[in-house]
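Structural features, examined
Here are the chains, one letter per residue:
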Amino acid sequence: MRVLIVDDHLMLRKGVLSILSNSDLEVVGEAANGQEALDLVPKLKPDLVLMDINMPVMDGVEATRRLKAQYPDLKVVILTVSEIDKDLFEAIKAGADGYLLKNLGPEELVSSLRSAISGEAPISSVMAAKMLKEFRQPRTTAAGKEDGQPLSPREIEVLRLASTGLTYKEIAAKLYVAESTVKNHMRHILEKLHLRNRSEAVGYAIREGLAGDP
């Protein structure tokens, strides 16, 4: 699992490099801004880009938008000090696969990146709470009515649990089903709602009033 670190602070990059060097995640390169990331991705072919937001030349949101447009399967996880609502929402709209704050511990960082590579959408609990507060808008219409095929009751339950930040394994345990079954449900959810990834599905759940409490 190859990782590219993008941050304009050298000490931060070296700190993350030190943390990841003691895990099964391989750091294949570093970039000091979004433009450098765009230049390095085709050369280094990382599985995941760990992206800061506020950087010179090109910020992390714009870099994320361009990377996801060119490489849809590439995982991009934001790692920032910013707890500003706008940064969170813009990053998710740009296609970010996760949003983490820099105050998390080494083990939590490694675990979050592993989960992102596995298809999860790691979001710091503080930011998840902001998403719920800002976007929860209960609706009386059936889930999925405006976006395609309606979701089944089980798919709605999976989506609700996913919106709380639970991993597929944890969702499976709550529903007493296999983890593969949960992943299949999420795949069907994305297909029905014409969404690209789990983070977009979580955003949909929040907007439609389907999200659970984090």
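The coordinates are above.
The structure displayed is predicted, hence computed values, not measured ones.

Let us now look at the pattern of salt bridges. Following the criterion strictly, the structure yields 15 salt bridges and no others. For arginine 13, the salt bridge identified is with glutamate 30, shortest N-O distance 2.9 Å. Here the residue arginine 13 occupies a position in helix H1 (residues 10-21), and glutamate 30 occupies one in strand S2 (residues 26-31), the gap between them amounting to 17 residues. Judged by its relative accessible area of 23%, glutamate 30 falls in the partly exposed class. The salt bridge partner of arginine 66 is glutamate 62, with a shortest N-O separation of 2.8 Å.

What follows is about the sheet that holds strand S3 (residues 48-51). Strand order in this open sheet of 5 strands is S2-S1-S3-S4-S5, and the pairing throughout is parallel. The sheet terminates laterally at S2 and strand S5 (98-101), the two strands that pair on one side only. The mean inter-strand angle of the sheet, taken between neighbouring strand axes irrespective of direction, is 25 degrees. Both strand S1 (residues 2-6) and S3 contribute to a ladder of 4 bridges, which runs parallel. Each bridged residue has a counterpart across the sheet, and for leucine 4 the counterpart in S3 is valine 49. The sheet contacts of helix H5 (residues 106-117) involve S3, strand S4 (75-80) and S5, and relative to S3 the element is tilted by about 135 degrees.

Among the residues of helix H7 (residues 153-162), those classed as buried are Glu155, Val158, Leu159, Leu161 and Ala162. Viewed end-on, H7 has its buried residues packed into an arc of 165 degrees, placing them on one side of the element. Buried residues belonging to H7 abut helix H8 (168-175), helix H9 (179-193) and helix H10 (198-207).

Moving on: H8. Considered for burial, the residues of H8 that qualify are Tyr168, Ile171, Ala172 and Leu175. What you see down the axis of H8 is that its buried residues fit within an arc of 100 degrees, all on one side. Turned more than 90 degrees off the buried face of H8, the exposed positions are Lys169, Ala173 and Lys174. Residues of H8 that are buried sit in contact with H7, H9 and H10. Looking one or two residues past H8, tyrosine 176 carries a phi angle of roughly 60 degrees, positive in sign.

If you look at the biggest cluster of nonpolar residues, it comprises 26 residues, and the most contacted ones within it are Val6, Val49, Met51, Leu67, Ile78 and Tyr99. Ranked by the residues each element gives to this core, the list is headed by helix H4 (residues 85-93), at 4 residues.

Phi at lysine 45 is positive, roughly 50 degrees, even though this residue is not glycine. Positionally, lysine 45 belongs in the loop between helix H2 (34-44) and S3. Owing to a relative accessible area of 60%, lysine 45 belongs among the exposed residues under this scheme. Phi angles above zero are rare outside glycine, and histidine 194 is one such case at about 60 degrees. On the secondary structure map, histidine 194 appears in the loop between H9 and H10.

Attention shifts here to the packing of H1 against H5. Contact pair H1 / H5: the axes reach a minimum separation of 10 Å and the direction vectors enclose 75 degrees. When the interaxial angle is binned, H1 and H5 end up roughly perpendicular. Taking contact as the criterion, the partners of Val16, Ile19 and Leu20 in H1 are, on H5, Pro106, Leu109, Val110 and Leu113. Looking at the contact of H1 with H5 residue by residue, the class counts come to 7 nonpolar, no polar and no charged.

When two helices pack together, you describe them by how their axes are tilted relative to each other and by the distance separating the axes. Put simply, H2 and helix H3 (residues 60-70) touch, their axes get as near as 9 Å, and they point 20 degrees apart. Between H2 and H3, the angle falls in the class roughly parallel. Between H2 and H3 lies a crossing of right-handed hand. Where H2 abuts H3, its residues Gly34, Leu38 and Val41 lie against Ala63, Arg66, Leu67 and Gln70. Here the residues of the contact of H2 with H3 are counted per class, giving 4 nonpolar, 2 polar and 1 charged.

About the thresholds
- Residues numbered from 1 in each chain as written.
- Predicted model: local features only at pLDDT ≥ 70, side-chain atom pairs only at ≥ 80, totals over all residues.
- Heavy atoms only, no water.
- Salt bridge = Lys/Arg side-chain N within 4 Å of Asp/Glu carboxyl O.
- Helix = DSSP H or I, 4+ residues; strand = E, 2+ residues; numbered from the N terminus.
- Buried < 20%, exposed > 50% of the residue type's maximum accessible area, 1.4 Å probe, protein only.
- Pairing = 2+ DSSP bridges.
- Axes fitted to C-alpha atoms, helices over the stretch in contact; angles between N-to-C directions.
- Contact = heavy atoms within 4.5 Å.
- Arc of directions from axis to C-beta.
- Core = buried A, V, L, I, M, F, W, Y, C linked by side-chain atoms within 4.5 Å.
- Parallel < 35°, antiparallel > 145°, perpendicular 65-115°, else oblique.
- Nonpolar A, V, L, I, M, F, W, Y, C, P; charged D, E, K, R; others polar.
- Left-handed = near helix turned anticlockwise from the far one by under 90°.

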